[in-house]
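# A look at the structure
The lines below spell out each chain.
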Amino acid sequence: MMEPPPSEHDINILICSGNIGNAEPTFESFSAWIPHDGIITVDDAANAASSTKERDGSLPNETSKKYEFIIVGMQEAAFAEGETRQSIDDTNRIVDGCSTRSSIDGGNGRGGDMEKAKRKSMLVRKVDKVRLALRGLTHTQTHRSPIIRSTKKSTISTTQLSSALTTTQYDTNKFSSLIKRQCPSYTLLASSIRGEMRLWILCLKQLEGEVREVYVAGENTGIGSVFANKGGIIATLTLRSTRLSFLTCHLEAHEGLNHYLNRNRNLVEILGGAKPHPDYYMLDATIYSHHMFVCGDLNYRIRFGENSVNNKNNNKEGGDTGEEHPDNGSHFDQALKLVEQEKWDELNAGDELAMALKKKECLVGFETLPCNFPPTFKVAREKGYVYNEKRTPR
């Protein structure tokens, strides 16, 4: 990567990444993820450092830190409960009405009306799920702030900022309202939706006049490399002659060597296809950026022993067929035991992503910090960490 020019002072960037699991967030859950107005206190920093320590193991000297940029990347961030709640409520009222009339009339023919209402409610939900699935495969929408100036005016969209926060989609409106409420001191520079992936680029309002050339592009790597159930979004911007790029992505899932290799290929496809900056269409973002950050549901797994990516016998002829681990029970038990004992070093030793970076099989030149906290995949939606036994914690 190119060396950045001298800067006036350090820029603090907060990157928040998460798989939403197609569940509608509450303000409480969202505010636990995105700090209010981009401010991290010493207590927050201490909690973060206890999970993922800085390289020198120290904490910030200041009592609080406010970030100039907040980057929010999400996967499986689509839900339609709000869009059809009125229809479902109307159907439920019909069911309740049928129940009342049935009790008054002694059940004279009203049971059929109730069954029809129940079938209608079920049909509404099924249609809603299909519509949401299709939107998750094909929908793409991008907005950029009109305040951003460029050396080439024709390459910048003139979309008004207000329209970037207005849509008929319930889930997009929900995220917009949460972000506006939680980050009042920030301007939305760009937002992009690709299938169920989302990327939001926010900066402090007093800094927006120094930002130039905001571009956004994406690439699908899903079914047939056409659909957006998997893929990535890249946003790039220039601040004080320094180019910054941010990639959020959702890579191929499942355990096994073939899936691991496909995740690496997904990254190649995304970087090769998503080239936001029109002046550098021959180069990918890792080349023309001074700094680039990658986040998302990368889906890299944890490997042990003979199934480690480092094992030379782990190939098409030798053990791993690329399917889910044939003995996932013992694999799960081994990972869970390390989690319970908080042996983070042993878990990190089997991290596919760390191995891939070390072996230069993906994202050459990038670094990843160790994860010194319990794996967040795949857990039940309840307090604490309750893992799905069909999936190895990662």
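First, a word on what this report is: a plain description of the structure on this page. (Residues numbered from 1 in each chain as written. Predicted model: local features only at pLDDT ≥ 70, side-chain atom pairs only at ≥ 80, totals over all residues. Heavy atoms only, no water.)

### Some points on the environment of Gly231
Position of Gly231 among the secondary structure elements: in strand β9 (residues 231–239). With 13 residues separating them in the primary sequence, Gly231 and Gly218 have C-alpha atoms 7.5 Å apart. When neighbours within four sequence positions are excluded, Gly231 is seen to be in contact with Met197, Glu219, Asn220, Thr221, Thr248, Cys249, His250 and Ile270. (Helix = DSSP H or I, 4+ residues; strand = E, 2+ residues; numbered from the N terminus. Contact = heavy atoms within 4.5 Å.)

### Regarding helix α7 (residues 257–273)
With 17 residues, α7 ought to run about 24 Å at 1.5 Å a step, and its terminal C-alpha atoms sit 24 Å apart, in line with that. For α7, the full list of buried residues reads Leu257, His259, Tyr260, Arg263, Asn264, Asn266, Leu267, Ile270 and Leu271. Here the buried face of α7 lies against β8 (211–220), β9, β10 (242–250), α8 (285–288), β11 (291–297) and α11 (352–358). (Expected span 1.5 Å × (residues − 1). Buried < 20%, exposed > 50% of the residue type's maximum accessible area, 1.4 Å probe, protein only.)

### Quick look at the pairing of strand β6 (residues 186–194)
In terms of burial, β6 is a largely internal element, nine of the nine residues being buried. Sheet analysis places β6 next to strand β7 (residues 197–204), joined by eight bridges and oriented antiparallel. Note on β7: the bridge partner recorded for Ala190 is Ile201. The loop that links β6 with its antiparallel partner β7 comprises two residues; one of these, Gly195, has a positive phi angle of about 65°. (Pairing = 2+ DSSP bridges.)

### Considering the sheet that holds β11
Within a sheet, adjacent strands bond to each other through the backbone by hydrogen bonds, running parallel or antiparallel. Strand order in the open sheet made by the four strands is β8-β9-β10-β11, with mixed pairing throughout. This sheet does not close on itself; its edge strands, each paired only once, are β8 and β11. Sheet twist, expressed as the average angle between the axes of neighbouring strands with direction ignored, equals 15°. Pairing of β8 with β9, which is carried by eight bridges, proceeds in the antiparallel orientation. Directly across from Tyr215, in β9, lies its bridge partner Thr236. Running at roughly 135° to β8, α7 makes contact with β8, β9, β10 and β11 of the sheet. (Axes fitted to C-alpha atoms, helices over the stretch in contact; angles between N-to-C directions.)

### What to know about the pattern of salt bridges
One pass over the structure, following the stated rule, counts eight salt bridges. The partner of Glu24 in a salt bridge is Lys174, with the nearest N and O atoms 3.6 Å apart. Taken as a pair, Glu24 in the loop between β1 (13–19) and α1 (27–33) and Lys174 in helix α6 (residues 170–182) lie far apart in primary sequence, 150 residues in all. Judged by its relative accessible area of 21%, Lys174 is partly exposed. The closest approach of N and O atoms between Lys66 and Asp37, which form a salt bridge, is 3.2 Å. Of the two residues, Lys66 sits in strand β3 (residues 64–66) while Asp37 sits in the loop between α1 and β2 (39–41), which places them 29 residues apart along the sequence. Note on Asp37: relative accessible area 12%, which makes it buried. Residues participating in the shared-partner salt-bridge network are Arg263, Arg303 and Glu352. (Salt bridge = Lys/Arg side-chain N within 4 Å of Asp/Glu carboxyl O.)

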